Structure formats: C-alpha cells, structure tokens
Amino acid sequence: MQDKDPSPQAPRQVLLFSGHRVDLPGRVPPRFPVAKVVRAAEVIDAAVAALGAGPADLALTQGSSGADLLFCESCLSRGVALQLMQPKAEDAFVEESVRASVDGDDWMRRYRAVRNQTGRAPQVLAGRDPADAAVADAFERCNLWMLETALAWGPSRLRFICLWDGAPAGGPGGTAHLVEAVRGLRLPVIWLDARRL
C-alpha cells in the first residue's frame, strides 16, 4: 500500500489507539483496575510525547472510558486533531462504553470535555455491509473501519498504540482484536503493557 500524495491537509502521522476500559467491580483476574488510571495516563502520555505528536497529526479512537479517553486527553493537550469513531449512535455508545463504567459520572464528565474540545461530532459506523457478513460484531467492524481510515493516509504514517494486557480477546471487538489486525498487516505496534502499570 502506497502513501497518499502529500498535501497541506495530510496528517504528518496518524495515531490510532485502542485500550482497555477500566475494570468493572470484581473482575477476575484484574486487567485495568481503577487504581491504575493515573499511572495509565502517565504511560499513555509518555508514548504520545515520544512520537512528538502535535497539531500536524491526527488521532483516531472510539472514546470509551479508561484508556481511550486518557489517550484523547493526551492528544488534545498537544493540539492533535482528534476524531472519535464509534460503532453505534453516540448516545447508545456512551451509555454502554462510558456511563456503565466504574465512576461512570466522572468518565461522562471527561467524555463531554473531550467531545467539546474536538470541535467535531463522532463518526458513526454505517449499517452493516453485506460484504462484511463474516464480521458480525459492531465493535469488531469499528476496529477494522478505524484501521482502514488510518491506512488511507498510507502505512508509513500509521502509529498504532495500545494499552493491552497481552491476553486474547475476552469478547468481540476488543483491543486484542485490533492488535491482531495490525500485526496481520505486519505493521508495528507500540504496546503499553497493562500488566506493568
């Protein structure tokens, strides 16, 4: 795959992010407990800083509670253009993936702050394409859609960052799924190991 021709609108780099949501109470084994949020924010911010991210770049993620929103906050603090890309209508996505979390009210406040700073509405995955019959889950389709969107600028611009525990997916459409898709294309992964927070 070749990069698009450079243009004034082309991002210097495209930061694609996927990461775990904060654990629900009683999750066994723990994956991303709420006590690790501050440390996760530091690790994610350090990864974004190491890429020299700034206003010439574009960031893509869904915006779930936990790692996604921490990534959003880091990018916005550096002036990176952020586009949220969601698998379903925003209200439904927020209820399921933000408000339903531990400390849901706080994550809702953070989501609204991110949403207001982006200056643009989230893009929402279109209805299921019959050609995608093998990909039934909306979150899996959203992962692939985000990856395709990032790659449209050319693979050399892609910077895929994940906060992941290294375990297989616990369900469809999680971080492990997107890691597998990126690795399947033999593209690099900036892996922030959730087990070491």
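Quick note: structure is the one above.
Here the residue numbering is sequential within each chain, running from 1 through the sequence in written order. For a predicted model such as this one, the threshold for reporting local features is a pLDDT of at least 70, and the threshold for listing and counting side-chain atom pairs is 80 or more; totals across whole chains, interfaces and linings nevertheless cover every residue. For side-chain calculations, the full set of non-hydrogen atoms in the structure is used, while hydrogens and water are omitted.

(A) Structural context of helix 2 (residues 67-77). Note on classification: 1.4 Å probe, protein chains only; a residue is buried when its accessible area is under 20% of the maximum for its type, exposed when over 50%, partly exposed between these limits. Where helices and strands are cited, they refer to DSSP runs of H or I of at least four residues and of E of at least two residues respectively, numbered from the N terminus. Within helix 2, 9 of the 11 residues are buried, leaving the element largely enclosed by the surrounding structure. The complete set of buried residues in helix 2 reads Ala67, Asp68, Leu69, Leu70, Phe71, Cys72, Ser74, Cys75 and Leu76. Contact criterion: two residues are considered in contact whenever any of their non-hydrogen atoms come within 4.5 Å of each other. Those residues of helix 2 that are buried are in contact with strand 1 (14-19), helix 1 (37-50), strand 2 (58-61), strand 3 (81-86), helix 4 (104-118) and strand 5 (158-164). Trailing helix 2 by a residue or two, Gly79 shows a phi angle of about 80°, which is positive.

(B) How the structure looks around the pattern of salt bridges. Just to be clear on terms, a salt bridge is a Lys or Arg side-chain nitrogen sitting within 4 Å of an Asp or Glu carboxyl oxygen. Counted according to the given criterion, the structure contains 12 salt bridges. Linking Glu73 and Arg110 is a salt bridge whose minimum nitrogen-to-oxygen distance equals 2.8 Å. With a gap of 37 residues between them, Glu73 in helix 2 and Arg110 in helix 4 connect regions that are remote in the sequence. Accessibility expressed as a relative area gives 27% for Glu73, which makes it partly exposed. A salt bridge links Asp193 to Arg195; the nearest nitrogen and oxygen atoms lie 2.8 Å apart. Classification of Arg195 as exposed rests on a relative accessible area of 55%.

(C) Molecular detail of helix 4. With 15 residues, helix 4 extends 21 Å between its outermost C-alpha atoms, agreeing within 8% with the 21 Å of an ideal straight helix rising 1.5 Å per residue. Of the residues making up helix 4, those classed as buried are Gly104, Trp107, Met108, Arg110, Tyr111, Val114 and Thr118. The buried residues of helix 4 occupy an angular sector of 165° when projected down its axis, which confines them to one face. Facing away from the buried side of helix 4 by over 90 degrees, the exposed positions are Asp105, Asn116 and Gln117. Buried residues belonging to helix 4 abut helix 1, helix 2, strand 3 and helix 3 (90-99). Backbone geometry just after helix 4 places Gly119 at a positive phi near 70°. In this analysis, the expected span of each helix is defined as 1.5 Å times one less than the number of residues it contains. Directions are taken from the helix axis to each C-beta atom, and the arc is the one they span.

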